[in-house]
Amino acid sequence: MEIERKYLIAKMPENLENYETRHISQGYLCTSPVVRIRRSNDTYSLTYKGDGLMAREEYNLPLTAEAYAHLAEKIDGLLIEKTRYLIPLSGGLTAELDVFGGTLASLTLVEVEFDSVEDANAFVPPEWFGEDVTEDGRYHNSYLSQYGVVSKRS
């Protein structure tokens, strides 16, 4: 089970170069249900995600670089490129700050994963987090791969 909240960024945190980073490329073979392939640095995976916004089923399977390359030719929509900064938060949590590249370069999002829905609902975000977009499916990467960046909130 994946339980996460997602936010826009009010202000970029300082000293990003001090945090662990992952260079991520991901594409979607299907968006309903979500079937994703991902390269994160030198690790490759295939992921199935169930329905839901804050909480949903998630299953990850390892891929080889060759299998990833083969499947990447079959994605539907954009190949998403982003740099993910892993920023420690209080309570043992980690903010996963995604700075998108390519056609999504105007977008930055931050996600925090939780052990329970109760923990997610009790979370008080740091000041540098912006608007909570957890319940807005237009900020799911699977949506972004099909339709691009949300032009304005409505």
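Data block above holds the structure.
Read on for an overview of the structure. Since the model is a prediction, treat every value here as computed from it, not as a measurement. (Residues numbered from 1 in each chain as written. Predicted model: local features only at pLDDT ≥ 70, side-chain atom pairs only at ≥ 80, totals over all residues. Heavy atoms only, no water.)

1. A short note on the nonpolar core
Working step 1: Core analysis: the largest hydrophobic core is formed by 17 residues, its most contacted members being Ile87, Ala95, Leu97, Val110, Phe123, Trp128 and Phe129.
Working step 2: When contributions to this core are tallied by element, the ones reaching two or more residues are β1 (2–9), β7 (80–88), β8 (94–100) and β9 (108–113).
Working step 3: No other element matches the three residues that β1 contributes to this core.
Working step 4: In terms of nonpolar packing, the next biggest core, distinct from the first, is built from 12 residues, Tyr28, Ile80, Leu109 and Tyr139 among them. (Core = buried A, V, L, I, M, F, W, Y, C linked by side-chain atoms within 4.5 Å. Buried < 20%, exposed > 50% of the residue type's maximum accessible area, 1.4 Å probe, protein only. Helix = DSSP H or I, 4+ residues; strand = E, 2+ residues; numbered from the N terminus.)

2. Some words on the pattern of salt bridges
Working step 1: Under the counting rule described, the total for this entry stands at 10 salt bridges.
Working step 2: In this structure, arginine 84 engages aspartate 98 in a salt bridge whose closest nitrogen and oxygen atoms are separated by 2.7 Å. Pair noted here: arginine 84 is in strand β7 and aspartate 98 is in strand β8, with a separation of 14 residues, a long-range link. Across the pair, aspartate 98 and arginine 84 agree in class, each one buried. (Salt bridge = Lys/Arg side-chain N within 4 Å of Asp/Glu carboxyl O.)

3. Remarks on the side chain of arginine 36
Working step 1: Note on placement: arginine 36 falls in strand β3 (residues 34–40).
Working step 2: For arginine 36, which is buried and forms no salt bridge, the nearest opposite charge comes from glutamate 58, at a distance of 4.8 Å.
Working step 3: Residues within four places of arginine 36 in sequence aside, it is in contact with Gln26, Gly27, Tyr28, Ser45, Leu46, Thr47, Lys49 and Asn60. (Lys, Arg positive; Asp, Glu negative; His and termini not counted. Contact = heavy atoms within 4.5 Å.)

In short, geometric facts, not functional conclusions.
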